[in-house]
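# Reading the structure
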Amino acid sequence: MAEPAAARLADPDVEARLARLDEVLEALASLPGPATEAVRLLTEVYGEALARVLDRADEELAARLAEDELLEHLLVLHDIHPEPAERRAARAVERLRPAVRERGGDVEWAGVEGEVARVRLTTGGGCGSGCGGGGGTSEVTEAVRAAVLAAAPELTAVEPLTDTAPAPAFVPLAMLTHRGTP
C-alpha cells in the first residue's frame with residue numbers, strides 16, 4: 001500500500017507562514033549566536049539543493065519551475081533564477097497592468113538602463129475610482145517599484161517616466177459643420 005502524500009500548503013497558508021517567518025527572523029536577528037548561524041547555513045544548503053535541481057532540469061522544466069510564484073522568489077533569493085532580471089521585471093509590470101488600468105491609468109515596461117528599471121506610467125487626467133483625490137499616482141508608482149524590485153532585486157531603482165494624458169478638447173459640432181462667410 002502506498003504511503004499518503006505529504007500535506008501540501010495552499011497559497012494563503014504559504015503566505016501566512018512567510019509572514020510569520022519574517023517576524024521570527026526579525027526577532028532572531030537581534031540575538032547573536034548559533035540560531036542565527038543555523039538559519040544562514042540552512043538557507044545556503046537549501047539554496048545549493050535548489051541550484052542542483054536547476055542544473056538537472058532541461059530548459060522547459062526550468063521555465064516551469066520559475067513560473068511558480070513561491071519557487072520564483074526562492075530562485076531570486078538564491079540568485080539562480082534562469083531568466084535575466086530585465087525579463088522578470090517586465091513580467092512583474094505586465095502583471096500589474098490590469099490593476100493600474102482599473103485605476104484609470106496604464107503602466108508599460110520601458111527597459112533597463114544600467115541597473116535602473118524604467119516604466120512608463122500614464123494617468124488619464126484623474127486617478128480612477130477610489131484613489132482619494134490624486135494620491136493614486138504615487139500609490140501606483142510605489143506598487144510598481146515594489147513589484148519590480150521584488151522580481152529583480154539586482155536592479156537598484158525604478159524610474160517612472162510619467163505621462164499625463166491631456167483632457168480631450170471639446171469642440172462644438174457647430175464649429176466643425178459651420179463654415180464662416182468671408
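Given the structure is predicted, the values throughout are model-derived calculations rather than measurements.

Right, let's get into the overall build of the chain. Tallying secondary structure elements over the chain gives 7 helices and 3 strands in all. When the helices and strands of the chain are read in sequence order from the N terminus, they spell out α-α-α-α-α-β-β-α-β-α. Burial analysis of the chain (182 residues in total) assigns 24% to the buried set. Element-wise, carbon and sulfur atoms account for 57% of the exposed surface of the chain, whose accessible area totals about 13000 Å².

The biggest cluster of nonpolar side chains holds 16 residues, and the ones touching the most others in it are V93, V107, W109, V119, V144 and V148. Leave out the neighbours within four places in its chain, and V93 touches V107, E108, W109, V119, V144 and V148.

In this section: the packing of helix α3 (residues 59–67) against helix α4 (residues 69–77). With their axes 5 Å apart at the nearest point, α3 and α4 run at an angle of 100° to one another. Looking at the two axes, α3 sits roughly perpendicular to α4. Where α3 abuts α4, its residues L65, A66 and E67 lie against E69, L71, E72 and L75.

Inspection of the entire model under this criterion finds 15 salt bridges. Measuring nitrogen to oxygen at the nearest pair gives 3.8 Å for the salt bridge that ties E94 to R97. Residue E94 and its partner R97 are both found in helix α5 (residues 85–102); the two are separated by 3 residues, about one turn of the helix. If you follow the salt bridges from partner to partner, you end up with E72, E83, R91 and R95 in one network.

Quick look at a nonpolar patch on the surface now. On the surface, L18, L21, L25, V39, L70, L74 and L77 cluster together to form a nonpolar patch covering roughly 530 Å² of accessible area. Only α1 (11–29) and α4 provide two or more residues apiece to the nonpolar patch. Relative to the elements of secondary structure, L74 occurs in helix α4.

Here we come to α4. Within α4, the full set of buried residues consists of E72, L75 and V76. The arc that holds every buried residue of α4, seen down its axis, measures 100°, which confines them to one face. Where α4 begins, the capping side chain belongs to D68, and its oxygen is found 3.1 Å from the backbone nitrogen of L70. Just downstream of α4, D79 is the residue with a positive phi angle, here 60°.

What follows covers helix α2 (residues 34–56). With 23 residues, α2 should reach 33 Å at 1.5 Å per residue; the first-to-last C-alpha distance of 33 Å fits that figure. Listed as buried for α2 are G47, L50, A51 and L54. Looking at the packing, one finds that the buried side of α2 touches α3 and α4.

So, on to the pairing of strand β2 (residues 116–123). Looking along a regular strand, one sees the side chains alternate between the two faces of the sheet. Relative to β2, strand β1 (residues 105–113) is paired through 8 bridges, and the arrangement is antiparallel. The residue bridging G111 from the neighbouring strand is R118, located in β2. Here β1 hands over to β2 after 2 residues, with G114 in that stretch at a positive phi of 70°.

Procedures and definitions
Residues numbered from 1 in each chain as written. Predicted model: local features only at pLDDT ≥ 70, side-chain atom pairs only at ≥ 80, totals over all residues. Heavy atoms only, no water. Helix = DSSP H or I, 4+ residues; strand = E, 2+ residues; numbered from the N terminus. Buried < 20%, exposed > 50% of the residue type's maximum accessible area, 1.4 Å probe, protein only. Areas by Shrake-Rupley, 256 points an atom, 1.4 Å probe, with all protein chains shown as cover. Core = buried A, V, L, I, M, F, W, Y, C linked by side-chain atoms within 4.5 Å. Contact = heavy atoms within 4.5 Å. Axes fitted to C-alpha atoms, helices over the stretch in contact; angles between N-to-C directions. Parallel < 35°, antiparallel > 145°, perpendicular 65-115°, else oblique. Salt bridge = Lys/Arg side-chain N within 4 Å of Asp/Glu carboxyl O. Patch = residues over 30% accessible without salt bridge, like charges linked within 9 Å, V, L, I, M, F, W, Y side chains within 5 Å. Arc of directions from axis to C-beta. Polar contact = N/O pair within 3.5 Å; in protein donor to acceptor, adjacent residues only side chain to side chain. Expected span 1.5 Å × (residues − 1). Pairing = 2+ DSSP bridges.

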